[in-house]
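Examination of the molecular architecture
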Amino acid sequence: MPKDSGIGAATRRREDARFLLGSGRYSDDISLLNQTYAVFARSEVANGIIKTVDTSEAEKMPGVVTVFTGEDFVDVGGNPAGWLINSRNGEPMKEPKRPVLAHGKVRHVGDAYAAVIAETEQQARDAAEKINADIKELPAVIDMASALSGSNFVHDEIGTNQCYDWGWIEDNREATDNAIKNAHHVTTLELVNNRLVPNAMEPRCSIADYNPANDDYTLYTTSQNPHLTRLLISAFVLGIPENKLTVVSPDVGGGFGSKIYHYGEEALVLAAAKRIKRPVRWTATRSESFMTDAHGRDHATKIELALDKDNNFLAFRTETMANVGAYLSNFSTVTPTILHGTLMAGNYAVPNVYVNVKTVFTNTAPVDAYRGAGRPEATYSLERVIDKAATELGLDPTNLRRQNFIKSDQFPYVTAAGLNYDVGDYDAVMDRLEHHADLKGFAKRRKKSEAKGKLRGLGINSYIEACGIAPSNLIGTLGARVGLYDAATIRVNATGNISVMVGAHSHGQGHETAFPQIVADLLGVDPNNVEIVHGDTSKIPFGMGTYGSRSLAVCGSAIVRGVEKIISKGKKIAAHMMETTDDKVDFDEGVFSVRGTNKTVSFGDVALKAYIPHDFPIEDIEPGLEETAFYDPQNFTYPAGAYACEVEVDPETGQVTIESFTAADDFGNIINPMIVEGQVHGGLAQGIGQALLEGCVYDEDGQLISASYMDYTMPRAADLPSFIVDHTVRTPSTDNPLGVKGCGEAGAIGSPPTVVNAVVDALRSADHDVTHIDMPLTPERVWAAMNN
Amino acid sequence: MYNFEFKQPKTISDAVNALESDEAQALGGGQTLIPTMKQRLASPSTLVSLTAIPEMKGICKNDDGSISIGGGTTHADVASHSDIFSGLKTLAENIGDAAVRNRGTIGGSLANNDPAACYPAAALSAGATIVTNNREISADDFFQGMFDTALEEDEIIVSVKFPNPSSSSYQKFVQPASRFAMVGVFLSNFGNKTRVAVTGASEGGVFRWSEAEAALNKNFSDDSIIDLSIDHKDMIEDIHASKEYRAHLVKVMTKRAVASAS
Ligand SMILES: Cc1cc2nc3c(=O)[nH]c(=O)nc-3n(C[C@H](O)[C@H](O)[C@H](O)COP(=O)(O)OP(=O)(O)OC[C@H]3O[C@@H](n4cnc5c(N)ncnc54)[C@H](O)[C@@H]3O)c2cc1C
């Protein structure tokens, strides 16, 4: 086995050749014979009663084939929530219907209430402008607190804007209250986790093809999760049998969570293709992406940290309002609860944790999981309040964290928030951070900055996340309506090369490079002979897609299990070829051998034999060499890390620049360190974007103010320093055969509080009495904090 | 975008004739107009491109030392020309990105008079003359409020004549998302006289900060700015900056312009 290309090798990403040369094949690149174009009529108001939708003029426009309105979907199902969350009082959450097209009411700017199908996109757009909708505008429900107290409802039929009022863990509530009441010191902080627009580089695109001869459908769509999309459309929305619907997600240009979910546009193009018996396509404009992709974050939180007189943490208590927008997107109910509340012990041996989350409907776009999903919100609250406590008590923030860390000999450790952390070594990670970030040299660097007239700040953070979201039996008890295993089929072809069909979907993660490294390493073959097939429900086993840093831990483990089955069958074939029994056959580095003899056969010969079984004992061995494994883990994995950021603040303008950023992470075992580094870089860029730049803003009428790149600030290369990334601390996950944990979201989880801690530190160095600034830390906000 | 006719005349007079037809509009680099058309917010039936008219391109130094820049000259050409004074060079170098600079034109920028655009500050500060197909307009008369200028319908900016200041500076504080000017201050010093023009800040569009000019005419030093303040009442307020913050930035950027003028 060439060790420079197996597990642990920094192999270059093979998919980059096609991406960098512009030869990727994205949904929008697909062109079908006789195709038509869909364009949606979307609400310009945040809340309104649809009195009439007159399509007669639109239908007469040139090139128009057909027009749909909400009326056409009254008798089909709605797009469901994938997770049932119960309120503290035991009541189930409120689940208003999310129709394919709005009917009766529009509920956010961009809510689609009609669609035109025409011969060209231009014609469809022209005709959509001729749809005469009489929509009576109503006052918008935007602010979460007023949404909860008011009587103007986003969904009249549920009579409240509260989806649920969740407590975690309800049995710990009283003990937590008492710990806070009796504590030596309590630090309180109110903060906002700013709403974000996902901004995948590729806008959403869906193309439906209907074949009347067989009454079956193909949907090409930008999905992180093609099997889930198919399941939702089949079981809930349109009722198309699963075996009559193929969902294909070819190359996808970024998702960050926003493409996990099923969207109404997918159902619309399918229904339209069936009605007109021609392919129907739709690609979002960038404006549509801003208005209708599920947004991220949007929490308002009050957090309290109680400490004893020796600065030991006694309790964390949080009250959060989480915005779900106008409709429940598929995972919008689990993101602010299970994915957030369970992480509220952080990396700390704290005896009491209580989390209360009220999730609120508003007249805004749906909000759902976005890179990190709940865990960035948890980390941000924890790591900001810890820094504030350190300030109040005059303690070194690093030491305060270290003092309260769960120690490496305490694992497995069941936290007060209910998770069972299997392994970790937070002090070791912090050691790496202190080394790389040269924390000791900070005072000197601050002096240098001051000589230039700049304020310098240092921010530290430690984070933990739960990845590889699973296991199915546990999440089932927590309300999940889906399983969260994954699956892989290993098909060894007759000539010895290998096709691996996986349930995970790659849209930037580099699976096509990393997964073959695993297979190649285990089978002792060249990774270039291993091909990954993903994103097509007619080719791959029923897996659950990619999100939550789960692909390697869950699907990678399914690959391992599948390869183990291949080896075990290969041994039977080899035993037959070498006239022995399989218990006497060993397999190593691509060679089967009979123990204690010099008899061997190669993996390639065994593969060939499997498909040309002329002399097989067919009663004992089936022909072929292909195995499928489903893998359902026992637990989450728990990557953890410590980050440091140094900033300079221009005291005259409030402008923040990031001078250095260091990330030390423990991702367990690593398959490809180069890909890991790239994932961390991307996550850091997004987290720094959230901290300094990005903010999705609705005005009080529900108009989206930050609706284009003229007003929504994306991070650019020039905004970022050259990152220092370390992942040499590796405590292998005890739960999966690879010992891996997941790295896709870490950077976005750990960086926002690090940056904010640094800016607050910078301002305090100039005697500004600032304890917190809400993100994004725009120049104006920082200036205002210095001058209020 | 709606359909439109496209014309590319070779002379100014052909362009003027072409513009006389109903709903015809001049097209410079298209960096503002084309995105607006894509959003279907503008729908001219004819676009008259000004980019193939040789008389409207290029930069030359006049006998009186002033600089004439053709109305169809791109930001990139201004940024790289050796006769351009330092403030103007900095300004052109920092507009948008390379693609915008290679297409966008000074004529288009001035005609559009976006309240956050950079060129209006330079023209007003340096006391430039806007030369059109039928008259010359001084910068002091040209800018008439947000997106409003002294141009008549179908009037074309043929060139812009800039007096050559002895020192100048452009200090741009960028709006974080668009990277247009949230506040941009252009300072031109003509030895005994300083002119300070501010863009990005005011509801009324680009303006001259006369108090700062008076103070600097007495003593050309950034100390002269320290005790000044500018009323925030008429400043722009949006999600990026309050009126107060913009007023504050006007002062800071002016101070920096004085300190860096060269
Ligand atoms: C991403 C991006 C970033 C940008 N950043 C900045 C920035 O930082 N600072 C800044 O100042 N600008 C910025 N711009 C705007 C840019 O400078 C444009 O080039 C400029 O505003 C318009 O010039 P244009 O030649 O493209 O004009 P066009 O878009 O072609 O036309 C604009 C308007 O001017 C009219 N017009 C064009 N030429 C003439 C003429 N010669 N005479 C009369 N009328 C004419 C047109 O009819 C139209 O109404 C940016 C643009 C983009 C797309």
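1. Structural notes on the interface of chain A and chain B
Contacts between the two partners involve 22 residues from chain A and, on the opposite side, 24 residues from chain B. Carbon and sulfur atoms make up 48% of the surface buried where chain A meets chain B, a total of about 1,900 Å² over both sides. On the chain A side of the interface with chain B, the three residues burying the most area are Glu652(A), Glu780(A) and Trp783(A), jointly 29% of the side's total. Those elements that place two or more of their residues in the side of chain A that touches chain B are helix 3 (121–128) and helix 20 (779–787) of chain A. Residues that form the side of chain A that touches chain B fall into these classes: seven nonpolar, six polar and nine charged.

2. With respect to empty space enclosed by the protein
All names here are of chain A. Overall, the coordinates contain five cavities of 30 Å³ or more when judged by the stated rule. Of the pockets and cavities examined, the largest cavity occupies roughly 250 Å³. Lining the largest cavity are 22 residues, and of these Arg-98, Pro-99, Val-100, Asp-111 and Gly-264 sit closest to its centre. Looking at which element gives the most residues to the lining of the largest cavity, the answer is helix 7 (residues 264–276), with three residues. In the lining of the largest cavity, the residues fall into 11 nonpolar, six polar and five charged.

3. Notes on the domain arrangement of chain B
Segmenting chain B into domains produces domain 1 (5–49), domain 2 (56–162) and domain 3 (167–260). Of note, the centres of domain 1 of chain B and domain 3 of chain B, computed from C-alpha atoms alone, are 34 Å apart.

4. Points about the state of the cysteines
A complete count under the given rule lists zero disulfides over all chains for this structure. Left unpaired, Cys743(A) is separated from the closest cysteine sulfur, that of Cys467(A), by 8.6 Å.

5. Let's talk about the sheet that holds strand 19 (residues 486–492) of chain A
Residues and elements named next belong to chain A. With mixed pairing, four strands are arranged side by side in an open sheet as 21-20-19-25. Unpaired on one side and paired on the other, strand 21 (530–533) and strand 25 (626–631) mark the two borders of the sheet. Across the sheet, the axes of successive neighbouring strands diverge by a mean angle of 20°, strand direction being ignored. One ladder, built from five bridges, connects strand 19 with strand 20 (residues 498–502); its direction is antiparallel. Counted as the bridge partner of Thr-489 is Met-501 from strand 20. Across the sheet, helix 15 (residues 511–523) is in contact with strand 20 and strand 21; its angle to strand 21 comes to roughly 135°. Sitting on the sheet, helix 16 (residues 551–577) is in contact with strand 19, strand 20 and strand 25, with an inclination near 145° to strand 25.

6. Details of helix 5 (residues 173–181) of chain A
All names here are of chain A. Among the residues making up helix 5, those that are buried are Thr-176, Ala-179 and Ile-180. Down the axis of helix 5, the sector holding all buried residues measures 95°, keeping them to one side. Exposed residues pointing more than 90 degrees away from the buried face of helix 5 are listed as Glu-174 and Lys-181. Where helix 5 is buried, its residues contact strand 8 (185–193), strand 13 (299–307), strand 14 (313–325) and strand 15 (352–361).

7. Overview of the site of the ligand
Residue and element names in this part refer to chain B. Around the ligand there are 29 residues in total, and Ala-26, Gly-29, Leu-33, Thr-105 and Cys-118 lie nearest to it. Gln-31 places a polar main-chain atom, nitrogen or oxygen, 2.7 Å from an oxygen atom of the ligand. For the ligand, a nitrogen atom lies 3.3 Å from a polar atom in the backbone of Gly-96. Expressed as a share of its isolated accessible area of 970 Å², the protein-covered part of the ligand is 89%. Listing elements by their share of the shell around the ligand, those giving two or more residues are strand 2 (24–27) and helix 6 (106–112). For the shell around the ligand, the element with the highest residue contribution is helix 6, accounting for four residues. Here the residues of the shell around the ligand are counted per class, giving 13 nonpolar, 13 polar and three charged.

8. Re the packing of helix 18 (residues 673–693) of chain A against helix 19 (residues 746–765) of chain A
Residue and element names in this part refer to chain A. One way to put it is that helix 18 packs onto helix 19 with a least axis distance of 7 Å and a crossing angle of 40°. One finds that helix 18 runs oblique with respect to helix 19. At the point where helix 18 passes helix 19, the crossing takes the right-handed sense. Touching Val-680, Gly-683, Leu-684, Gly-687, Ile-688, Gln-690, Ala-691 and Leu-692 of helix 18 are Gly-747, Ala-748, Ser-751, Pro-752 and Val-755, all from helix 19. Looking at side-chain class alone, the contact of helix 18 with helix 19 contains eight nonpolar, five polar and no charged residues.

9. Observations concerning the side chain of Arg402(A)
All names here are of chain A. Looking at where Arg-402 falls in the secondary structure, it is placed in helix 11 (residues 397–404). At 2.9 Å, the side chain of Arg-402 forms a polar contact with the side chain of Asp-427. Dropping the residues within four chain positions of it, Arg-402 is found in contact with Lys-407, Asp-427, Met-430, Asp-431 and Glu-434.

10. Describing the side chain of Glu694(A)
Residues and elements named next belong to chain A. Take Glu-694: it is sitting in the loop between helix 18 and strand 28 (724–726). In terms of polar contacts, Glu-694 uses its side chain to reach the side chain of Tyr-712, at 2.5 Å. Apart from residues no more than four positions distant in its own chain, Glu-694 is found in contact with Asn-194, Leu-196, Val-197, Tyr-370, Gln-686, Gly-689, Tyr-712, Thr-713, Met-714, Pro-715 and Pro-776.

Basis of the calculations
- Residues numbered from 1 in each chain as written.
- Chains lettered and ligands numbered in written order.
- Predicted model: local features only at pLDDT ≥ 70, side-chain atom pairs only at ≥ 80, totals over all residues.
- Heavy atoms only, no water.
- Contact = heavy atoms within 4.5 Å.
- Buried area = accessible area lost by both parts, 1.4 Å probe.
- Helix = DSSP H or I, 4+ residues; strand = E, 2+ residues; numbered from the N terminus.
- Nonpolar A, V, L, I, M, F, W, Y, C, P; charged D, E, K, R; others polar.
- 1 Å grid on protein atoms, 1.4 Å probe; cavity = no way out; pocket = protein on both sides within 12 Å on 5 of 7 lines; lining within 4 Å.
- Points joined across faces, edges and corners; volume = space filled by probe spheres on them.
- Domains from an automatic or database assignment.
- Disulfide = S-S within 2.5 Å.
- Pairing = 2+ DSSP bridges.
- Axes fitted to C-alpha atoms, helices over the stretch in contact; angles between N-to-C directions.
- Buried < 20%, exposed > 50% of the residue type's maximum accessible area, 1.4 Å probe, protein only.
- Arc of directions from axis to C-beta.
- Near = heavy atom within 4 Å.
- Polar contact = N/O pair within 3.5 Å; in protein donor to acceptor, adjacent residues only side chain to side chain.
- Areas by Shrake-Rupley, 256 points an atom, 1.4 Å probe, with all protein chains shown as cover.
- Parallel < 35°, antiparallel > 145°, perpendicular 65-115°, else oblique.
- Left-handed = near helix turned anticlockwise from the far one by under 90°.

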